[in-house]
Amino acid sequence: MQFTVKAGNPLTYDTPALIIGCGTDPAGNPLLDAVSTALGGVAARMYESREFTGKPGTVKVIHTLGALPAQRLLLVGLGDLKEITPEKVRRAAGVAAQALVAAKVGSATSLLHQAAPVAGLLEASLEGFSLGSYRYDCYKTKDRQEVLLKEVTALFFENDDRDLSAPLAAATAAICDAVRMTRDLVTAPGNLATPPYLAEQAREIAGRFGMEYTILEQEELARLGMGALLAVGQGSQHPPRLVLLEYKGGADGAQPVALVGKGITFDTGGISLKPGPNMELMKHDMAGAAAVLGALQAAAALKLPLNLVGLIPLAENMPDGKAYKPGDVVTTLSGLTVEINNTDAEGRLVLCDALQYVQQFNPAAVIDLATLTGACVVALGHDATGAMGNDPQLLAALRQAGESTGERLWELPLWEEYGDLMKSDIADLKNAGGPHAGTISAGWFLQQFVGTQKWVHLDIAGTAWEDKGRHYLPKGGTGVGVRLLVSYLRNLI
Ligand code: BES
Ligand code: MN
Ligand code: ZN
């Protein structure tokens, strides 16, 4: 999506749609008064009749029929204007974007960022427009939305904010493009997005954004001893891969931040087969890997002055004559042995070898993202990512990034007592801990493969996929993690 920043008078500005932020109280909104007066007091009438309340989530499209150069007026509810936050504006812009898509409007002009003197509203509103108007429609041969919102102009009254705002808008566009790319990968069907396909996408991104790309294929994985990753992939026709991307924007030798993403391109559960209903959603079990690719793309596009390592273990978890099975014992790259008691607990197996492998880069911090446990959806629902780790500062920095991006985190404990759940009679560990504390026991398992580095594990099982479609999250892959990680990385510099 194209963002432009301009100065101008909304009353004389020619645009297909003019977007105005509105509070639950119509008083104290001179902009609303001005445009409404030009239309014979339409806003006052709509508030009086309660056709429009200004509550969050509400929007009204009004045709101006020549009363203003703008062809349409969009009134967008922001709730109490005294309590505006970037996230409220992001959501309101998402709601406006949905209305514009429904009205087949391809280009619009927004004043949402002028609703209150609060920092961050310009970026938040642009994010809402870009992410709210996103559609995954490449497989529609009929009834395809022919007009999508393609450009948004943020209008400033005559002032000099614009000079600062143009680079902000450009950076926001680059970040949103990365989120949209991530959503494309997450929502892509499993027959397209196989391990080799995702590896190829990673190679393409690396080429386009000047990153180094390394791919480890089966023989190499076997030679290194990645028995856990290989076991998960061995039932599939599509062989497992380990993809490494390196972005070198920082000083030579500066310790990188390592991002590791679970890349199960489809999770049937394997021999411990998942139930049929909703199994199709398990095409999104590579959302962690896709978020890592998106974050690297955005960091490279923004030319962030730091070094990054992205590592994505890719496999498809299938039942088959060759598949791994309950009772098997696998030897991980670390040397630790794992007894498989459930082939559906496969994410921690591909991640444990990746977390071991990443240690050779001597990272300043390791952050892994994974759609790891259904238990996390039970615990936190769809409004928070589960976070666990070994470093309070790293956790706090990520929590802070979560608050400012609206990709919120909630911490769970990793006390050593939880390790009792993962004891095996015949191996060092087992891979599934039973019905209690499922998110934590998975996190505890991962911790056994983290060395001395600072590490945080993010369980995005509840946040990577949107079932219903709301504000700036249309149905499908959400791209969660990209904006969070980029915000965290930008705060480091
Ligand atoms: N990919 C799933 C977790 C998941 C569930 C992600 C729902 C997104 C939405 C993971 O591989 C899995 O199957 N986990 C098991 C672990 C159990 C066998 C210990 C689970 O959560 O049931
Ligand atoms: Mn599984
Ligand atoms: Zn899985």
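Residues numbered from 1 in each chain as written. Chains lettered and ligands numbered in written order. Predicted model: local features only at pLDDT ≥ 70, side-chain atom pairs only at ≥ 80, totals over all residues. Heavy atoms only, no water.

Asks: Help me out: how do you make sense of the site of ligand 1 in this one?
Replies: What surrounds ligand 1 is a group of 16 residues, the closest being Lys274, Asp285, Asp344, Glu346 and Gly374. In this structure, an oxygen atom belonging to ligand 1 sits 2.9 Å away from a side-chain N or O atom of glutamate 346. Notes on ligand 1: free accessible area 510 Å², of which the protein chains cover 79%. Residues belonging to the shell around ligand 1 are distributed by class as follows: four nonpolar, five polar and seven charged. (Near = heavy atom within 4 Å. Polar contact = N/O pair within 3.5 Å; in protein donor to acceptor, adjacent residues only side chain to side chain. Areas by Shrake-Rupley, 256 points an atom, 1.4 Å probe, with all protein chains shown as cover. Nonpolar A, V, L, I, M, F, W, Y, C, P; charged D, E, K, R; others polar.)

Asks: What is the right way to look at the coordination of the manganese ion (ligand 2) in this model?
Replies: Perfect tetrahedral coordination of a metal by four donors corresponds to 109.5 degrees between them, and perfect octahedral coordination by six donors corresponds to 90 or 180 degrees. Distances from the manganese ion (ligand 2) to its protein donors, Asp267 (OD), Asp344 (O), Asp344 (OD) and Glu346 (OE), fall within 2.1 to 2.2 Å. In this structure, the manganese ion (ligand 2) is surrounded by six donor atoms whose angles at the metal cover 70 to 168°, and the resulting shape is irregular. Look at where the donors of the manganese ion (ligand 2) fall in the sequence and you get D-x76-D-x1-E. Between the manganese ion (ligand 2) and the zinc ion (ligand 3), the interatomic distance is 3.2 Å, and aspartate 267 donates to each metal, bridging them. With a relative accessible area of 22%, aspartate 344 lands in the partly exposed category. Judged by its relative accessible area of 0%, glutamate 346 falls in the buried class. (Donors = N, O, S within 2.8 Å, 3.2 Å for Na, K, Ca; no water. Tetrahedral: all angles 85-135°; square planar, octahedral: opposite > 155°, others 65-115°. Buried < 20%, exposed > 50% of the residue type's maximum accessible area, 1.4 Å probe, protein only.)

Asks: Could you clarify how one ought to interpret the domain arrangement of the protein chain in this entry?
Replies: It is common to give the size of an interface as the accessible area that goes away when the parts come together. Examined at the domain level, the protein chain breaks down into domain 1 (2-158) and domain 2 (182-492). A C-alpha centroid distance of 37 Å is found between domain 1 and domain 2. On the domain 2 side, the residues contacting the 14 residues of domain 1 number 14 residues. Surface buried jointly by domain 1 and domain 2 totals about 1300 Å² across both partners, of which 58% is contributed by carbon and sulfur atoms. By the criterion of area lost to domain 2, the three top residues of domain 1 are Leu131, Tyr134 and Tyr136, representing 43% of everything that side buries. The interface formed by domain 1 and domain 2 includes one salt bridge. (Domains from an automatic or database assignment. Contact = heavy atoms within 4.5 Å. Buried area = accessible area lost by both parts, 1.4 Å probe. Salt bridge = Lys/Arg side-chain N within 4 Å of Asp/Glu carboxyl O.)

Asks: Honestly, the nonpolar core in this entry has me stumped. Any pointers?
Replies: For soluble globular proteins, nonpolar side chains are generally found buried alongside one another. Residues Ile367 and Tyr488 are the most contacted members of the largest nonpolar core, which totals 64 residues. It is helix H9 (residues 287-301) that provides the largest number of residues to this core, a total of eleven residues. With sequence-adjacent residues up to four places away left out, tyrosine 488 is seen in contact with Val257, Ala365, Ile367, Leu394, Ala397, Leu398 and Ala401. Met388, Ile440, Ala442 and Trp444 belong to the second largest nonpolar core, which has 45 residues in total. (Core = buried A, V, L, I, M, F, W, Y, C linked by side-chain atoms within 4.5 Å. Helix = DSSP H or I, 4+ residues; strand = E, 2+ residues; numbered from the N terminus.)

Asks: Help me understand the side chain of serine 110 in this model?
Replies: As for its position among the elements, serine 110 is in strand E5 (residues 107-110). Here the side chain of serine 110 touches leucine 112 through a polar contact of 3.1 Å, landing on its backbone nitrogen. Sequence-distant contacts of serine 110, defined by excluding residues within four places in its chain, comprise Ile19, Phe129, Val152, Thr153, Ala154 and Leu155.

Asks: When you look at the coordination of the zinc ion (ligand 3) in this model, what are you seeing that I'm missing?
Replies: Around the zinc ion (ligand 3), the donor atoms from the protein are Lys262 (NZ), Asp267 (OD), Asp285 (OD) and Glu346 (OE), and they sit 1.9 to 2.4 Å away. Coordination at the zinc ion (ligand 3) is octahedral, judged from the six donor atoms that bind it and the angles of 79 to 172° they form at the metal. Coordination of the zinc ion (ligand 3) draws on donor residues from a single chain, spaced K-x4-D-x17-D-x60-E in sequence.

Asks: Would you mind showing me how to read the sheet that holds strand E3 (residues 59-63) here?
Replies: Either a parallel or an antiparallel arrangement is found when strands of a sheet pair, and the pairing is made through backbone hydrogen bonds. Read across the sheet, six strands follow the order E1-E6-E5-E2-E4-E3 without closing on themselves; strand pairing throughout is mixed. Edge positions in the open sheet fall to strand E1 (2-7) and E3, since each of these has one partner strand only. Averaged over all pairs of adjacent strands, the angle between their axes in this sheet comes to 25°, without regard to strand direction. In this structure, E5 lies alongside strand E6 (residues 151-156), joined through four bridges in parallel fashion. Looking across to E6, one finds that serine 107 is bridged to glutamate 151. Contacts from helix H3 (residues 86-102) reach strand E2 (18-22), E3, strand E4 (72-77) and E5 within the one sheet, and its direction differs from that of E4 by about 145°. The strands touched by helix H4 (residues 121-132) within the sheet are E1, E2, E5 and E6, with E6 carrying the most contacts at an inclination of about 155°. (Pairing = 2+ DSSP bridges. Axes fitted to C-alpha atoms, helices over the stretch in contact; angles between N-to-C directions.)

Asks: I tried to follow the packing of helix H12 (residues 392-405) against helix H14 (residues 482-492) on my own but got confused; where do I start?
Replies: Pairs of packed helices are described in terms of their axes, by the angle between the two and the distance that separates them. As a packed pair, H12 and H14 sit with axes 8 Å apart at the nearest point and diverge in direction by 120°. Taken together, the axis directions place H12 and H14 in an arrangement best described as oblique. Of the two possible hands of crossing, H12 and H14 adopt the one that is right-handed. Along its contact with H12, which presents Leu394, Ala397, Leu398, Ala401, Gly402, Ser404 and Thr405, the element H14 presents Arg483, Leu484, Ser487 and Tyr488. Residues that form the contact of H12 with H14 fall into these classes: six nonpolar, four polar and one charged. (Parallel < 35°, antiparallel > 145°, perpendicular 65-115°, else oblique. Left-handed = near helix turned anticlockwise from the far one by under 90°.)

Asks: I keep staring at the pattern of salt bridges and nothing clicks. Help me out?
Replies: Opposite charge on two side chains permits them to pair, given that their charged atoms come into close proximity. Under the defined criterion, the tally for this structure stands at 22 salt bridges. Residues lysine 82 and aspartate 80 are paired through a salt bridge, measuring 4.0 Å at the closest nitrogen-oxygen approach. For aspartate 420, the salt bridge goes to lysine 423, with nearest N and O atoms at 3.2 Å. Taken together, the salt bridges that share partners define one network made up of Glu87, Arg90, Arg91, Glu127, Glu407 and Arg483.

Asks: What exactly am I supposed to notice about the packing of aromatic side chains here?
Replies: A ring pair, where both rings are aromatic, is described by two values, the distance of the centres and the angle of the planes. Per the counting criterion, the structure on display carries five aromatic pairs. Seen in terms of ring centroids, tryptophan 415 and tyrosine 418 are 6.0 Å apart; in terms of plane orientation they differ by 10°. Their pairing is stacked. Ring centres 5.3 Å apart and planes at 40° place the aromatic pair phenylalanine 445 and phenylalanine 449 in the tilted group. Residue class for phenylalanine 449 comes out buried when judged on its relative accessible area of 0%. (Phe/Tyr/Trp six-rings, centres within 6.5 Å; stacked < 30°, edge-to-face > 60°.)

Asks: Would you mind going over the pairing of E2 with me for this structure?
Replies: In regular strands, side chains alternate between the two faces of the sheet. The element E2 is largely enclosed, with a buried count of five among its five residues. Of the two faces of E2, the one lined by Leu18, Ile20 and Cys22 and the one lined by Ile19 and Gly21 are each fully buried. With five bridges connecting them, E2 and E4 associate as parallel partners. Paired with leucine 18 across the two strands is leucine 73, which belongs to E4. Examined bridge by bridge, E2 and E5 share two bridges and lie parallel to one another. Among the inter-strand pairings, isoleucine 19 is bridged to a residue of E5, identified as serine 110.

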